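# Structural overview
The chain contents come next:
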Amino acid sequence: MEDGPYKYIRDGNGKVSRVIRIGTRKSQLARIQTDSVAARLGELYPDVHVEIVAMSTIGDKILDTALSKIGEKSLFTKELENALERNEVDIVVHSLKDLPTTLPPGFTIGAVLQRENPHDAVVLHPKKAGLTLDTLPDKSVIGTSSLRRAAQLKRRFPHLQFENIRGNLNTRLKKLDEKDCYAAIILAAAGLKRMGWENRISQILNPEDCMYAVGQGALAVEVRARDKDILEMVSILHHRDTVLRCVAERAFLRHLRACFFLLVMVLSHVSCPFQLYLTGAVYSLDGSDCLKETMQISVAPDNQIQEFADECTHVGVTACNVPESALAAAEKLGVDLASLLLSKGAKDILTTARQLNDAC
């Protein structure tokens, strides 16, 4: 039964429970991620009934074109947000890296869960077991769907060749194992771990080799901003340090106004006592040109209690259970770092990269 935008069910004993419908992509990884959020909500709110609503997105359907050629930041989110807008679902679980830094009107990120390892991983072809990117033979082909990874790795490992590979995690691993096209592929370590495939990781790339994408490794719960009860419900899932790191990263990306966000990369961490560090970089398409800087800021808590309002929303993230002063500092860090890179020519590097990619 329904009451306005909300849905309820009655069990055999006549007990009425609120239904929370969670939207997700259909891929196995997306379902695993969403199931983990559903399980957490079920533990915290045993009187709430959770339903999973899976759907395909544009990014899931277009598999014969490189992501950089499609050029749409909402490739994996648009259909889910449409369902949220039509009240077909109540919340949506995303990989945070897929969400634009400016959300459609009326939506907000109500929870950012504790981050899994955000770094990238090398998965070698079985015939190359025991090798690393350093020791692979000259002209070995490495598969990646990410220009960000390719640009950095071209600079660090000039003896290797990089080619596009599309598909979900399962598909890309199958292409690696069943063909001899690739010596290795590069995947997010977080996805491999969530799938239970850590044994396939041959090498974790350190930050000197490859910095990660904004928000990589973190899960986000998107909600309708007007649904204060749901916003309050999911806010308990926030992980403070992950929120602060991702707010800084998202502010960095948004302030760059990057015409080519696919070549923006970051590295962040929080250290005692309450210092947030952010490294940001932009690369040219071939990796020959790059700008990289690091800044830090204090994110010491002030124990201020907040209401759910626009004032506690930063780059699309509403986190009123995280001190406002810390959120504001994290956003400022991202903006200041982006301003520094822009002053050194970041816009020119990204504009040229976009033009070269479009011409290919």
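Residues numbered from 1 in each chain as written. Predicted model: local features only at pLDDT ≥ 70, side-chain atom pairs only at ≥ 80, totals over all residues. Heavy atoms only, no water.

Named according to an unreviewed UniProt entry, the protein is hydroxymethylbilane synthase originating from Denticeps clupeoides. We quote the UniProt Sequence similarities (unreviewed entry) comment for the protein here in full: "Belongs to the HMBS family." Taken from UniProt, the Cofactor (unreviewed entry) comment for the protein reads in full: "dipyrromethane". (UniProt positions renumbered as here; feature names shortened; annotations may be inferred.)

## A word on the pattern of salt bridges
Scanning the entire structure with this criterion turns up 20 salt bridges. Between Asp98 and Arg25 there is a salt bridge whose closest N-O contact spans 3.8 Å. Of this pair, Asp98 sits in the loop between strand E5 (91-95) and strand E6 (107-112) while Arg25 sits in strand E3 (residues 16-25); the two residues are 73 residues apart in sequence, bridging distant segments of the chain. With a relative accessible area of 10%, Asp98 lands in the buried category. Between Arg148 and Asp120 there is a salt bridge whose closest N-O contact spans 3.0 Å. (Salt bridge = Lys/Arg side-chain N within 4 Å of Asp/Glu carboxyl O. Helix = DSSP H or I, 4+ residues; strand = E, 2+ residues; numbered from the N terminus. Buried < 20%, exposed > 50% of the residue type's maximum accessible area, 1.4 Å probe, protein only.)

## Examining the sheet that holds strand E7 (residues 120-124)
Ordered in space as E9-E8-E10-E7-E11, the 5 strands form an open sheet in which the pairing is mixed. The open sheet has two edge strands with one neighbour each: strand E9 (161-163) and strand E11 (203-204). Sheet analysis places strand E8 (residues 141-143) next to strand E10 (residues 184-188), joined by 2 bridges and oriented parallel. Within the sheet, the bridge partner assigned to Ile142 lies in E10 and is Ala184. (Pairing = 2+ DSSP bridges.)

## A few points about helix H10 (residues 324-343)
Here H10 contains 20 residues, and its C-alpha end-to-end distance of 28 Å stays within 8% of the 28 Å for a straight helix at 1.5 Å per residue. Residues Glu324, Ala326, Leu327, Ala329, Ala330, Leu333, Gly334, Leu337, Ala338 and Leu341 constitute the buried set of H10. Contacts from the buried residues of H10 go to helix H9 (240-256), strand E14 (275-283), strand E15 (290-298), strand E16 (313-314) and helix H11 (346-359). Gly345 lies just past H10 and shows a positive phi near 105 degrees. (Expected span 1.5 Å × (residues − 1). Contact = heavy atoms within 4.5 Å.)

## Digging into the environment of Asn321
Counting through the fold element by element, Asn321 comes out in the loop between strand E17 (317-318) and H10. Sequence-wise, Asn321 and His239 are 82 residues apart; in three dimensions their C-alpha atoms are separated by 9.7 Å. Each residue touching Asn321, except ones within four places of it in the same chain, is listed here: Ser235, Ile236 and His238. Here the side chain of Asn321 touches Ser235 through a polar contact of 2.8 Å, landing on its backbone oxygen. (Polar contact = N/O pair within 3.5 Å; in protein donor to acceptor, adjacent residues only side chain to side chain.)

## A look at the sheet that holds E15
Strands sit in the order E13-E14-E15 across an open sheet of 3 strands; the sheet is antiparallel. The open sheet has two edge strands, strand E13 (264-271) and E15, and neither has a second partner. Taken over all neighbouring pairs, the strand axes of this sheet differ in orientation by 15 degrees on average, direction set aside. Bridge count between E13 and E14: 8 bridges; the pairing is antiparallel. Across the sheet, His269 pairs through a bridge with Tyr277, a residue of E14. H10 rests against E14 and E15 of the sheet, and its axis sits at about 150 degrees to E15. Seen against the sheet, H11 touches E13, E14 and E15 and runs at an angle of roughly 45 degrees to E14. (Axes fitted to C-alpha atoms, helices over the stretch in contact; angles between N-to-C directions.)

## Here's the deal with the pairing of E7
With 5 of its 5 residues buried, E7 lies for the most part within the structure. Taken together, the 5 bridges between E7 and E10 define a ladder with antiparallel strand orientation. Each bridged residue has a counterpart across the sheet, and for Leu124 the counterpart in E10 is Ala184. Looking at chain direction, E7 and E11 are connected through 2 bridges and run antiparallel. Bridge pairing in E11 places Val122 opposite Gln203.

## Concerning the packing of H9 against H10
Closest axis-to-axis distance for the H9/H10 pair is 7 Å, and the angle between their directions is 35 degrees. Considering the relative orientation of H9 and H10, their crossing is right-handed. In contact with Arg240, Val243, Leu244, Val247, Ala248, Ala251, Phe252, Arg254, His255 and Leu256 of H9, H10 contributes Ala326, Leu327, Ala330, Glu331, Leu333, Gly334, Val335, Leu337, Ala338, Ser339, Leu341 and Leu342. Counted by class, the contact of H9 with H10 contains 16 nonpolar, 3 polar and 3 charged residues. (Left-handed = near helix turned anticlockwise from the far one by under 90°. Nonpolar A, V, L, I, M, F, W, Y, C, P; charged D, E, K, R; others polar.)

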